[in-house]
Structures are given as C-alpha cells and as structure tokens.
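# Summary of the model geometry
These are the residues of each chain, in order.
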Amino acid sequence: MSTTDANPKIIDLIKQKEDGSKPFVSIEFFPPRTETGVKNLYARMERMKASINPLFSDVTWGAGGSTAELTLDIANQLKKTGHVANMHMTCTNMEKDGDPKKAVHSALQTAKDSGIMNIVALRGDPAHGQEEWTAADGGFTCALDLVEYIRENFGSEFGISVAGYPEGHPNAISLVEDPSTMTEAEKARSSTDDEGKVYTCRDEDYKKEMDYLKKKIDAGGDFIITQMFFDTKVFGSFVKDCRKWGIDCPIVPGLMCINAYAGFVKMTKFCKTRVPTELRAKMDSLKDDSDAIKAFGIEFGTQMCQDLIEIGVDVLHFYTLNLEKTTYGILDGLGYNVTGSADDSDEKTMVAKGSAWARVGDKVKTTEGVEGTVTAIESDGTATIEFEGESPTVTLKKEDYSKVF
C-alpha cells in the first residue's frame, strides 16, 4: 500500500476547519450479526458517503474482541467506498503479539497495510460471560497502554482518538445513598433510574477520570470522541474542565440518534447516561408510537446540535445505529446539504454482533417471545436460560435471544 493510497489522519482533516464554518460531520457503524446485515450495511455506507460526505466514519470493535476480523473487513470496505475509516480497537481478549487473530500488533499491521491509518484506542467492555473486565495474558491493562504501544511501535503513522466521558466512565459512576450530599457538579452529571435511585460520578472519581484522560492525550492521543450524552450543559462543562486540565485537543461530541424507545432505554441504562427529566417524560409519553419517537429523535437531535454549535465544536459525531433517517433529518434541520433519501427498510437486519449487554441474572427473551433468566453465559455468547413455571432450562446461541429492559 503506497502512502498516496492511505487514508489521511483525521486530526489533520479537523485542523482544516475554517473559523465560522459549520462543524464537520462524522458517523459510526457497528458490525451486524448476519451476512445479510453486513451486505445491507455496505449499501448504506455507499449511500451515506454520497448523501452527507462524512469527514470520517468509525466502525466499532465488538465486546471481548468478538468482531475483530469483521471490524477490519468493514473498515477496509469503508476505505474502498471513499470514507476515511476510523477503526475501533479494544484491549479485551487481545494479546500484544502471538496469535494473529488475537494480537494487537497483527491487527494494526493489517490496518496499515490496507491504508487504514486511524484508530480509536479503547479498553473495551468485558467479554461474554465476564462480569468484570480482565486483561488478557501478556495483554494490556487499559486504553493508555494501547495508545503507548501504538506510538512506541508505529510512531506517528496512525492517527489516534480516545474516549472521553462527560458524565464519568460507567465504572466510575456510583449509587448515591443520600442525594443531599452531592455537590453542584455531582448533581449536574447525576442520573436517576426507573426505581428512583440516584447515581453520579463523585468529584474525587471525576478528577481521576480527567487525570487519566490527560495521560491518554499526553501519550499520543490526537483528539477525543465522547461517550453519548443527552444534556449539552454537561458536555459544555466537560470541555471547560478539559481545558483546565491542559487538554487542548479537539473534543468531538458523540451523539446517539434516538430511533426507538426500547433502544433508548437499553443504551441509557447500560451506559448510566443522564436523561434530563423533560426528555424522559417525553420519551415515556411517546413509547407506543414508533413513528412519533423517530420524529422526536430528529427534533431533539437538531436542538442538541444547535446547542453544540454554539459551544463551538469542530465535528458532530453521530452514533447512527447503522441507520440513516434520523441522521439525515437532523442534518437537514441544521441546514446541511443532504442529497438522496434515507432507506431504513432493512432496520431489522441491523443487530449488533458481539453484544455485551446480556449478563448472568439478566432477563432475556427468545426469538419466540418467551422470557427467562440467564444463569450462565459462555465467551461466545451462548447462554443457559431458566424459564419460569414448568419450562426447562435451555442453552441458546446469542442470536436466539435478546435482553429485556
């Protein structure tokens, strides 16, 4: 692969933004579970390149490294269709060297040989069957290790982005027994679940988060892409805090497109995301009307982006959920030139491969609609599920059940 065929580094593209111009647009995809889903995704990638011409396009790396090969394939397809590919890479179940299918060095070399020159360096979620994250033998302990490894072994050849958490990393968010003890900053980034329990990232933990983020940037991270959020004031505070910590790189807001009620509840619960009271009430009022949810997702997303433009961001990064309509609707509402029309008719094929949401103790539903409880789960996602009543315990592959929220 000649250097002229390789993707440019994203940080160099961001720096080309002119003062006063609209933010660039970027998007994220995930590896679908089925071959049909992958085929449909490839068609969508071509349509979205033609319709909105994103600055760059991410592809995620499944829990526990479960989609490593498919992620590389999708990143390569992104590049072939004209996208600047930004490939996620996690430390979970990944060795530094050794087995090519589980070695970070081999994956990086394959990406480089394909001209994929941008990496999102992440620790990653626990693998299937694990409640807590653990490092692989001879592997990495955190995303900082991965950033340092890339810079040590590949110098400045790769562009590197890292994750930032405006509300604190989910592992740093804890239950608040007495909400009256929270500081104003803790209240601002707090969340309340459907049982009325309050969670927040305490100030001392938030400081540790910011110190760690500074280390990732100092080690070679070019820019930050944030975890999803729905409160732009929290993002604004996070940007100010980054600057106080001496983190001067671009901070790209990660925007979760609201497409469906169940998905919204699932993701906000999994990530312990702060949901403003007004947003929660609106979503609850529309939960039985899928078309109204999608329309509101566009309306709410447009307002969020307008707030972020006022804050002064360089890029609007959309977690598309492998769909088009909401992203197009938001960009159209912001005055971007969106050509072509969205086609989300294949929505049911867009189910993520390697989902980490199902854990022991979770309520799940079979493809026949029968609900049960996970009593054991293997590294490949195969689960032992116990049903109520006289139904026996069964073992199902990961594509044969889904989590109930």
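That block above? That's the structure.
In this text the structure is predicted, and so the values were computed from the model without any measurement.

### Some thoughts on the overall build of the protein
- Scanning the protein from terminus to terminus reveals 12 helices and 17 strands.
- For the protein, long-range pairs separated by at least 24 residues make up 73% of all intrachain contacts whose partners lie at least 6 apart in sequence.

### Let's talk about helix α10 (residues 277-286)
- Leu279, Met283 and Leu286 are the residues of α10 that are buried. One face of α10 carries all of its buried residues, which in axial projection span an arc of 70°. In α10, the exposed positions that point more than 90 degrees away from the buried face belong to Thr277, Glu278 and Ser285.
- The inward-facing, buried residues of α10 contact α9 (261-271) and α11 (290-311).

### Focus on the packing of helix α4 (residues 104-113) against helix α5 (residues 143-154)
- Orientation of α4 relative to α5, taken along the N-to-C sense of each, is 60°, at an axis distance of 12 Å. The angle between the axes of α4 and α5 places the two elements in the oblique class. Our pair here, α4 against α5, has a crossing hand that is right-handed. The residues of α5 that touch α4, namely those facing Val104, His105, Leu108, Gln109 and Lys112, are Leu146, Tyr149, Ile150, Asn153 and Phe154.
- Residues belonging to the contact of α4 with α5 are distributed by class as follows: six nonpolar, three polar and one charged.

### Some thoughts on the pairing of strand β4 (residues 118-122)
- In terms of burial, β4 is largely enclosed, as five of its five residues are buried.
- With four bridges connecting them, strand β3 (residues 85-90) and β4 associate as parallel partners. Bridge pairing links Met87 to Ile119 in β4.
- Bridging between β4 and strand β5 (residues 159-164) involves four bridges; their strand directions are parallel. Bridge pairing in β5 places Ala121 opposite Val162.

### Details of the pattern of salt bridges
- If you walk through the whole model with that rule in mind, you get 14 salt bridges.
- A salt bridge links Arg202 to Glu186; its shortest N-O distance comes to 2.8 Å. Of this pair, Arg202 sits in the loop between β8 (198-200) and α7 (203-218) while Glu186 sits in helix α6 (residues 184-188), and the two are 16 residues apart along the sequence.
- Here Glu195 makes a salt bridge to Lys197, at a shortest N to O gap of 3.6 Å.
- Classification of Glu195 by relative accessible area gives exposed; the value is 59%.
- Among the charged side chains, a salt-bridge network with shared partners connects Arg44, Arg47, Glu324, Asp344 and Asp346.

### Considerations on the sheet that holds strand β7 (residues 191-192)
- Ordered in space as β6-β8-β7, the three strands form an open sheet in which the pairing is antiparallel. If you trace the sheet from one side to the other, it starts and ends with β6 (174-175) and β7, each paired once.
- As defined by bridge partners, β7 adjoins β8 across two bridges and the pair is classed as antiparallel. Paired with Ser191 across the strands is Tyr199, a residue of β8.

### Quick notes on the environment of Pro23
- With respect to the element layout, Pro23 can be found in the loop between α1 (10-14) and β1 (24-29).
- Overall, the relative accessible area of 4% leaves Pro23 in the buried class.
- Note: C-alpha distance between Pro23 and Val252 (229 residues apart in sequence) is 10.0 Å.
- When near neighbours in sequence (up to four residues on either side) are disregarded, Pro23 contacts Lys17, Ile309, Val313, Asp314, Val315, Leu316 and Tyr336.

### Focus: unusual backbone geometry
- Of note, Asn53 is a non-glycine position whose phi angle comes to about 45°, a positive value.
- The topology assignment puts Asn53 in the loop between α2 (35-52) and β2 (57-59).
- You can call Asn53 partly exposed: its relative accessible area is 48%.
- One non-glycine residue, Lys272, adopts positive backbone phi at about 55°.
- By the element assignment, Lys272 lies in the loop between α9 and α10.

Criteria and thresholds
- Residues numbered from 1 in each chain as written.
- Predicted model: local features only at pLDDT ≥ 70, side-chain atom pairs only at ≥ 80, totals over all residues.
- Heavy atoms only, no water.
- Helix = DSSP H or I, 4+ residues; strand = E, 2+ residues; numbered from the N terminus.
- Contact = heavy atoms within 4.5 Å.
- Buried < 20%, exposed > 50% of the residue type's maximum accessible area, 1.4 Å probe, protein only.
- Arc of directions from axis to C-beta.
- Axes fitted to C-alpha atoms, helices over the stretch in contact; angles between N-to-C directions.
- Parallel < 35°, antiparallel > 145°, perpendicular 65-115°, else oblique.
- Left-handed = near helix turned anticlockwise from the far one by under 90°.
- Nonpolar A, V, L, I, M, F, W, Y, C, P; charged D, E, K, R; others polar.
- Pairing = 2+ DSSP bridges.
- Salt bridge = Lys/Arg side-chain N within 4 Å of Asp/Glu carboxyl O.

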